[in-house]
Number of protein chains: 4
Amino acid sequence: MLAELKGLNEECGVFGIWGHPDAAQITYYGLHSLQHRGQEGAGIVTTDGEKLTGMKGLGLTSEVFGNGKLNDLSGKAAIGHVRYATAGGGGYENVQPLLFKSSHSGSLALAHNGNLVNATQVKHQLESQGSIFQTTSDTEVLAHLIRRSGHIDMKEAVKNALTMVKGAYAFLIMTETELMVALDPNGLRPLSIGVMGDAYVVASETCAFDVVGAKYERDVQPGELLIINDEGIRSERFSMNINRAMCSMEYIYFSRPDSDIDGINVHTARKNLGKRLAVESEIEADVVTGVPDSSISAAIGFAELTGIPYELGLIKNRYVGRTFIQPSQALREQGVKMKLSAVRGVVEGKRVVMVDDSIVRGTTSRRIVTLLREAGAKEVHVRISSPPIANPCFYGIDTSTHEELIASNHSVEEIREMIGADSLAFLSVEGLIEGIGRPYEGETKGQCLACFTGRYPTEIYQDTVLPHEKA
Amino acid sequence: MLAELKGLNEECGVFGIWGHPDAAQITYYGLHSLQHRGQEGAGIVTTDGEKLTGMKGLGLTSEVFGNGKLNDLSGKAAIGHVRYATAGGGGYENVQPLLFKSSHSGSLALAHNGNLVNATQVKHQLESQGSIFQTTSDTEVLAHLIRRSGHIDMKEAVKNALTMVKGAYAFLIMTETELMVALDPNGLRPLSIGVMGDAYVVASETCAFDVVGAKYERDVQPGELLIINDEGIRSERFSMNINRAMCSMEYIYFSRPDSDIDGINVHTARKNLGKRLAVESEIEADVVTGVPDSSISAAIGFAELTGIPYELGLIKNRYVGRTFIQPSQALREQGVKMKLSAVRGVVEGKRVVMVDDSIVRGTTSRRIVTLLREAGAKEVHVRISSPPIANPCFYGIDTSTHEELIASNHSVEEIREMIGADSLAFLSVEGLIEGIGRPYEGETKGQCLACFTGRYPTEIYQDTVLPHEKA
Amino acid sequence: MLAELKGLNEECGVFGIWGHPDAAQITYYGLHSLQHRGQEGAGIVTTDGEKLTGMKGLGLTSEVFGNGKLNDLSGKAAIGHVRYATAGGGGYENVQPLLFKSSHSGSLALAHNGNLVNATQVKHQLESQGSIFQTTSDTEVLAHLIRRSGHIDMKEAVKNALTMVKGAYAFLIMTETELMVALDPNGLRPLSIGVMGDAYVVASETCAFDVVGAKYERDVQPGELLIINDEGIRSERFSMNINRAMCSMEYIYFSRPDSDIDGINVHTARKNLGKRLAVESEIEADVVTGVPDSSISAAIGFAELTGIPYELGLIKNRYVGRTFIQPSQALREQGVKMKLSAVRGVVEGKRVVMVDDSIVRGTTSRRIVTLLREAGAKEVHVRISSPPIANPCFYGIDTSTHEELIASNHSVEEIREMIGADSLAFLSVEGLIEGIGRPYEGETKGQCLACFTGRYPTEIYQDTVLPHEKA
Amino acid sequence: MLAELKGLNEECGVFGIWGHPDAAQITYYGLHSLQHRGQEGAGIVTTDGEKLTGMKGLGLTSEVFGNGKLNDLSGKAAIGHVRYATAGGGGYENVQPLLFKSSHSGSLALAHNGNLVNATQVKHQLESQGSIFQTTSDTEVLAHLIRRSGHIDMKEAVKNALTMVKGAYAFLIMTETELMVALDPNGLRPLSIGVMGDAYVVASETCAFDVVGAKYERDVQPGELLIINDEGIRSERFSMNINRAMCSMEYIYFSRPDSDIDGINVHTARKNLGKRLAVESEIEADVVTGVPDSSISAAIGFAELTGIPYELGLIKNRYVGRTFIQPSQALREQGVKMKLSAVRGVVEGKRVVMVDDSIVRGTTSRRIVTLLREAGAKEVHVRISSPPIANPCFYGIDTSTHEELIASNHSVEEIREMIGADSLAFLSVEGLIEGIGRPYEGETKGQCLACFTGRYPTEIYQDTVLPHEKA
């Protein structure tokens, strides 16, 4: 489904490299392959061994770094970040990596994917001790904790600081002479390491490795701190309280189909979810279609298992960008629609299975069902390749509050009626777990299913706020 | 396949409307749905019954008309145009519609899809009589012919001028009080008319009708001149020498899958081409994949007929725009690739059928085969859902010269070796004709197959030049 | 006085050079020194002997040619143009030089300072013969006349065309191999030639020569056509009906103080006008102040002759540009004023002589008198270093219509009351003629005084329109 | 003289207002009138009583706040800042006002004109205690001192912080509910207060009051802290160790001619300096000319006293902006010069007195003398309306190091020879003191003359660095 229609957004993607003469360029290409994880802003910080140099801006990576600007970033190592589009707030200051210069103790750059659930509490305490915050980002909290830790050794300062933050985080932390990589004790966000000749690379998704020509090594482990410098790579543990709980929405919706997470290819996982969905809720129909782009794989799986032909029943306009002009209400009522089109020649007179990956508020599903009916579909059967999302996420996904989540307040039959479908079925939680088929033990197979089940892998602080409420 | 990689580009798309208070807005949305036909520039001219107002610019429609600029275009009727990206040349002046103001005989706006094969000859003659040309576009020739025709009646002046130009054209011609629509006697380019309440709309592709909420009426006929004004619509003939020869590349590659041409849906035609291709050149393999976006339909058809699973083996990066930063040669050799990725999790260790719609120069095919092999494909079998392109196009498609067309100089086996595939097969000309299945009589079923067969439906002038050589 | 406040604007400045390897760069610097003559747009066309290359845009020269764009203009010769800011209209198309390419007879570039009084008549006739005009500029008329002249020899074609246009013009006409320079038979606009090593330069004002390091040779003569090419320079006459009538506003207001016109330095002329003004209308006062920038010289002259100290009583804000934000009406009434400030420390309690160069509508004068009074001036005596402007200009100065010219409808005493001055005096026509002191015979000493006297040196066509009404 | 040529720049201008519904707009106009004090960047922060809202950017005020952006700043009070153009460094982060938001103790905005001489020492100490600095600006030091002071009462926290910083400062400090205004104990920078109806205004120069229609009340006193809120204005002292030492360069060069400092009008002061200079170093000559813009007043005074006519011998091009294209070295040698022109018609064959306000490195003076000679001046006598600058400034003026100051290393006769003048004279220190004529007791009459005499009014810390070395 279309992120911009759904209000289901992740906070970021991160990429880092140590030991390559074209560090900034490679980071740029890496970020470019992670662009689907955030389009609001992008930044890169490099080190040449003696000083950190940063560049960041609002917009796509190609806008921020185009026109030769990338050439101003030299050095043998770099970290980069892409940030997702919040409704308002944020702005330039919050674009990462955050870069902190100091006349006293060296500089520090931070890039963060995830969300800290105790950021408000820690920030309040630090401010009462005289700290000044420049951003509204939870990421800055870690920088202050590092600076105030009292440890002279940077690694110890970082470890100390990490023990004080809770929630979801994949952190890249760079000084003039080191790149540190940390994943939270639940491993809620994906993060992998690879090699590229003599250089080490780290990225939110493995698709970045393929794009830059790096070789995937392994996923970073929960509670692991990697220290990379000119002498090589070292792995340490900063937490012993480990409990893998990888976000299942990464498989369902966020990650690129060509990425692997814990060894499972995302496209393959989605196709399997589509097959499980077909098994759980088969239906007689003439065509199967997926909502582009993220539901295509599940739709192919559904079609393959049922033998119903897979068709391009919905077309996404490739030229819908941020400067796009929305039709007025009057024109919308007249039928002007810009982002998605139903293919009349495919659906007219047909019983259509429309496969989508998830339903958040339900408004988009209703619109797509209407599109298909206007194009002549005789029946529209909606099949969702994940369970109902009934609980908000506190780990970096900008879903919504309980009030906005349609499945938090309505039965499946009510939702079916609201979106105007002839039938509606969601995948079961068991189907989800089995469909992805992660190589982990336990009931959840090391996945976070909190948005479906309400069982959160970490403590949730009383006043935890969603990212989009903070700015 | 990716237009930008292939050097196979069409000149334009046109859209017009008469009789709607939001004429400019609707034209904008219409052009937006035709954006795939041209990304270099866009323009709209409106009439309020008394004067023409124009706006145009380089870039995408959303860039040209964003930020409220569209509001400056009022009136009850409009014509618009999207122009494709030439290597250099052209620039602002050549962006259409061309608008000619006159203190003497009213204003004139022209939008043109196609290419005139005798433009050079006519232009030379007009200049020798003192005419001054402002653009390097062949379209301007028609304006001069209209102005110099001596006919006081605009309709007669237009008819007279049309008899003097040869080649491919879908023309929208607007004055303060009329919209004229003309299609060349061979009907080489698609052009359809529809209604939207009391308003008439005309567009290069029917997908534009769905997007703006209009109802498709019929395709414009070869040699037909439509005159639309406040009193209604009138059809006349300006040529009796009619011989339908619709460009077959519109089905194969250019048009949007949700458009219909002469009643045939484009996605369905492509899927059928994929099926015919499977019949003609079946192969044992593990997965079928298509080169996004234009070859997806053919790949689905190929998979459906053979029973080999269809997979997302290749992923296109959605964020590759015009400001995109190309990797340096050194980085390219290191494996940095930005536009297209092979999905390792899908192709590793597999025998892959890679379906593409056409091969022009062969360089892109070679690159994609390499991508798949680097991602671990055991075998790569290339299947092309059209015959070899062995002849240049003179009707508005910027293919290449004979020298550049790989199929003009090499056998299929030679091409296979050059692109590094394990096997290669093209669709036959008969398979193409039958696969599309146009409802016309005759050997070609009213299609232009010149680029495959070398049999051009019009005279070709000695010094006809390709569009990309003119600027 | 401030051009933007007064609505007294000239159409342009022109610069040309033949025979220098850095032709475009030098033209840029020349245009930069003529920027006061027009800020709406700028353009340069170069020739390398084989083809013309053009670049133009809206805005200041530094905006149009900045960021390395100038490097795209190579060649040994160039012509350039700066265009003044019209209220609306015009736009990109009308920015000069106009460049006409032809497949038949070579290309042609035109840059024009002045205004043709029979442009409407000639244009109408050309359109009735089938010509198409691309701009609303009167300049394009000459291009069509040249192309239609039937002469194969370009020089004869230009001469022939020049005999058909009437009014004020300094034309630079460039082909691949020649630069032609023409001045109207009345020599209404200034135009000078100089040398720069082996190169020839031509400019609207001599200040451009000083800036580029060229040596002034002489002023172009009325009715003269200069042909400059690789073999040298040749002077011919295209009209025998010569009657020098140089625009006196060039001395009074438009030209830069460091320019010379017909051998008279502009600053010196203005200072002399100030002295004559002092003789004609002396007054008892404490300080003399001029309205920056154009009235400073006259104020210095007034002070020098009377012995009253010259002071900076009015300060112009140097940072008022086009993007400047105007105060709202409410804030204006509260006293917010941005462009001009009165210096309280200088005028408080004083009897102030405020010297200005002209009054057009009177609104600005009233504002400045108010400014001075609010800053504490005891008396404000306004002295104008030119006679009352009672008639519109048809030769390229965008004054106003009769209705808007305050002196066209009111006596000096009425104007004094309207602007709130304690006394008001204008310079006499005789004082103007003597003050400038041109080295010409006759009553007007070869000056155009039409805006003061209503005696126009050329025929005025019935429907002549002012430049700002045309767009 | 031209700031950009001379390398003599001040750090900033500040403006504040409390109690006006259009606070942001008025601050914008105030900053616009202070634009000469800094063109690198500008910012405004407003309060509506409950929260602070900020906007800032690189460029001129009109660029930063244009296009309706100002409307986003609502509230009854505002502070603003303009920042001067440093060679490189600084950038967006350093643009002021600095805005510090806190979830704990309210927000804080700071605008600063001046330079703290112990910033490095204090910053080092704060960082060693865990503070993180976001800017390289000395201004941020004060924010950290306030936050760490331990005082709950903001006024006490500010007073406490002010006692810890040394050097030159005019501070505007705004919270949600108060505007605090502080001037250093030496009063090195100008700062005045005024009223505008019920609102209070504060500005670096009084010209801002005239522009916004405010009434000047008095200058802020050294060591004074003003607290302005909805209940009115209160004055307190934060230091008892007061010793007025107003920067004399404010009179000589920086401030606008229409500003008053300690009751002395700047234009009048400059004119008097010109007269004293004439008395001290009279010379036989034909014309007097000033280097625009800042030396015009002194030149007028020189001319008035000597009776030698004042002329516009040098013209500054008004269109030299930041995007201006510099001539290449080759073209410069050919004589292309863009910023300043000598008026041949005025200086040719004349003995010229060229009055300038100061000499820093001498390079500009040499260029101007050359300009005058190339324009035909027979003799060039340089007269400087201030004493030789032999010592660097540590209080916010970006002069230069000792090494760069020509007068630090050379005698007057040596300088004369280096700049190529026929004669050269500087004003004496006594002439400077008497010429300005400040209403203060004591040898220096409450002026800082350190750059002339080397006697600094404050302690100078060992590692004090010049502002332009910090970034």
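Given the structure is predicted, the values throughout are model-derived calculations rather than measurements.

Basis of the calculations
- Residues numbered from 1 in each chain as written.
- Chains lettered and ligands numbered in written order.
- Predicted model: local features only at pLDDT ≥ 70, side-chain atom pairs only at ≥ 80, totals over all residues.
- Heavy atoms only, no water.
- Least-squares fit on C-alpha atoms with pLDDT ≥ 70 in both.
- Contact = heavy atoms within 4.5 Å.
- Phe/Tyr/Trp six-rings, centres within 6.5 Å; stacked < 30°, edge-to-face > 60°.
- Helix = DSSP H or I, 4+ residues; strand = E, 2+ residues; numbered from the N terminus.
- Buried < 20%, exposed > 50% of the residue type's maximum accessible area, 1.4 Å probe, protein only.
- Lys NZ or Arg CZ within 6 Å of the ring centre and 35° of its normal.
- Pairing = 2+ DSSP bridges.
- Buried area = accessible area lost by both parts, 1.4 Å probe.
- Salt bridge = Lys/Arg side-chain N within 4 Å of Asp/Glu carboxyl O.
- Polar contact = N/O pair within 3.5 Å; in protein donor to acceptor, adjacent residues only side chain to side chain.
- Nonpolar A, V, L, I, M, F, W, Y, C, P; charged D, E, K, R; others polar.
- Lys, Arg positive; Asp, Glu negative; His and termini not counted.
- UniProt positions renumbered as here; feature names shortened; annotations may be inferred.
- Axes fitted to C-alpha atoms, helices over the stretch in contact; angles between N-to-C directions.
- pLDDT = per-residue confidence, 0-100.

## A word on the relation of the copies chain D and chain C
Two copies of a chain can be linked by a rotation about an axis combined with a shift along that same axis.
Inference 1: The two copies are related by a screw operation: chain D maps onto chain C through 180 degrees of rotation and 0.1 Å of translation along the axis, at an RMSD of 0.1 Å. Both chain copies can therefore be described as sitting about a two-fold axis. Identified as the residue of chain D closest to the rotation axis by C-alpha distance is R318 of chain D, at 3.9 Å.
Inference 2: A high fraction, 100%, of the interface residues of chain D reappear at the interface in chain C, so the copies pair face to face through one surface.

## Regarding the arrangement of the chains
Inference 1: Taking C-alpha atoms as the reference, chain A and chain C come no closer than 11 Å and do not contact one another.
Inference 2: Separated throughout, chain B and chain D approach each other most closely at a C-alpha pair spaced 12 Å apart.

## Side note on the packing of aromatic side chains
Inference 1: According to the stated counting rule, one finds 35 aromatic pairs over all chains in the structure shown.
Inference 2: Centroid distance Y28 of chain B to F65 of chain B: 6.1 Å. Interplanar angle 75 degrees. Geometry classified as edge-to-face. One end of the pair, Y28 of chain B, is in helix α2 (residues 23–33); the other, F65 of chain B, is in helix α3 (residues 61–65), with 37 residues separating them in the sequence. Just as Y28 of chain B is buried, F65 of chain B falls in that class too.
Inference 3: Both rings, one in Y28 of chain D and one in Y29 of chain D, keep their centres 5.1 Å apart while their planes meet at 70 degrees; by these two values the pair is edge-to-face.
Inference 4: Judged by its relative accessible area of 1%, Y29 of chain D falls in the buried class.
Inference 5: Ring pairs connect the aromatic residues Y28, Y29 and F65 of chain A, which therefore count as one cluster.
Inference 6: Seen from the ring of Y92 of chain A, K56 of chain A lies directly overhead, with NZ or CZ sitting 5.2 Å from the centre.

## As for the environment of E156 of chain B
All names here are of chain B.
Inference 1: Looking at the secondary structure, you find E156 in helix α6 (residues 154–162).
Inference 2: E156 sits in the partly exposed class, given a relative accessible area of 30%.
Inference 3: Distance in space between the C-alpha atoms of E156 and Y310 is 55 Å, their sequence separation being 154 residues.

## Regarding the pairing of strand β7 (residues 167–174) of chain B
Residue and element names in this part refer to chain B.
Inference 1: Burial of β7 is extensive: eight of the eight residues sit out of reach of the surface.
Inference 2: One ladder, built from eight bridges, connects strand β6 (residues 108–116) with β7; its direction is antiparallel. Of the residues in β7, the one forming a bridge with H112 is F171.
Inference 3: Where β7 meets strand β8 (residues 179–183), five bridges bridge the pair, whose relative direction is antiparallel. The residue bridging M174 from the neighbouring strand is L179, located in β8.

## As for the interface of chain C and chain B
Inference 1: Chain C puts 21 residues into the contact, and the matching count from chain B is 21 residues.
Inference 2: Here chain C packs against chain B, burying approximately 1900 Å² in sum over the two surfaces, 54% of which is carbon and sulfur.
Inference 3: Joining chain C to chain B, the criterion identifies zero salt bridges.
Inference 4: Summed over the shared surface of chain C and chain B, the result is two residue pairs in polar contact (both at pLDDT 80 or more).
Inference 5: If one sorts the elements of the side of chain C that touches chain B by residue count, helix α5 (residues 139–148) of chain C sits on top with five residues.
Inference 6: For the side of chain C that touches chain B, a count of residues per class yields six nonpolar, eight polar and seven charged.

## Remarks on the side chain of E176 of chain B
All names here are of chain B.
Inference 1: Its place among the elements puts E176 in the loop between β7 and β8.
Inference 2: R147 provides the closest opposite charge to the buried, salt-bridge-free E176, at an N-O distance of 7.2 Å.
Inference 3: Those residues within four positions of E176 in sequence are excluded, and the remaining contacts are W18, T47, G49, E50, K51, L52, G106 and S107.

## A look at the UniProt feature "binding site: Mg(2+)" (unreviewed entry) in chain A
Residue and element names in this part refer to chain A.
Inference 1: In this numbering, the UniProt entry assigns the feature "binding site: Mg(2+)" (unreviewed entry) to S294, D356 and D357. A maximum C-alpha distance of 8.0 Å places the annotated residues, which cover 64 residues in sequence, within one compact spot.
Inference 2: Here S294 shows up in the loop between β18 (287–290) and α10 (296–306).
Inference 3: Locating D356 in the fold gives a position in strand β21 (residues 351–356).

## Examining the relation of the copies chain C and chain B
Inference 1: Between chain C and chain B, the superposition needs a rotation of 180 degrees and an axial shift of 0.3 Å, giving an RMSD of 0.1 Å.
Inference 2: When the interface residues of chain C are mapped onto chain B, 100% of them are again interface residues, pointing to one common binding face.

## Here's the deal with the interface of chain D and chain C
Inference 1: On the side of chain C, 62 residues touch chain D, which itself brings 62 residues to the contact.
Inference 2: Carbon and sulfur atoms supply 59% of the area buried between chain D and chain C, which totals about 4800 Å² over both sides.
Inference 3: For chain D, the biggest contributors to the area lost against chain C are Y29, Y319 and I325 of chain D; these three give 15% of the whole.
Inference 4: For the pair chain D and chain C, the number of links is six salt bridges.
Inference 5: Between D210 of chain C and R344 of chain D there is a salt bridge, with its nearest N and O atoms 3.8 Å apart.
Inference 6: Where chain D touches chain C, the interface holds 18 residue pairs in polar contact (both at pLDDT 80 or more).
Inference 7: Class assignment for the residues of the side of chain D that touches chain C results in 27 nonpolar, 22 polar and 13 charged.

## Some thoughts on the sheet that holds strand β11 (residues 199–203) of chain C
Residues and elements named next belong to chain C.
Inference 1: Spatially, the seven strands line up as an open sheet ordered β4-β3-β5-β2-β11-β10-β12, and their pairing is antiparallel. Of all the strands in the sheet, just β4 (52–58) and β12 (215–219) have a single pairing partner and so form its edges. Put simply, the sheet's adjacent strands are angled 15 degrees from each other on average, direction ignored.
Inference 2: Pairing between strand β3 (residues 41–47) and β4: seven bridges, direction antiparallel. The residue of β4 that forms the bridge with I44 is M55.

## Concerning α6 of chain B
Inference 1: Across the nine residues that make up α6 of chain B, a large majority, seven, are buried.
Inference 2: Taken as a whole, α6 of chain B has its buried residues at M154, K155, A157, V158, K159, A161 and L162 of chain B.

## Details of the confidence of the model for chain A
Inference 1: The predicted model of chain A has a mean per-residue pLDDT of 90, with 93% of residues at 70 or higher.
Inference 2: Both scores are available for the predicted complex, with the pTM at 0.84 and the ipTM at 0.88.

## Comments concerning the pattern of salt bridges
Residues and elements named next belong to chain D.
Inference 1: One pass over the full model with this rule turns up 105 salt bridges over all chains.
Inference 2: Two residues, D48 and K51, come together in a salt bridge whose shortest N-O distance is 3.1 Å.
Inference 3: The exposure class of D48 is partly exposed, given its relative accessible area of 33%.

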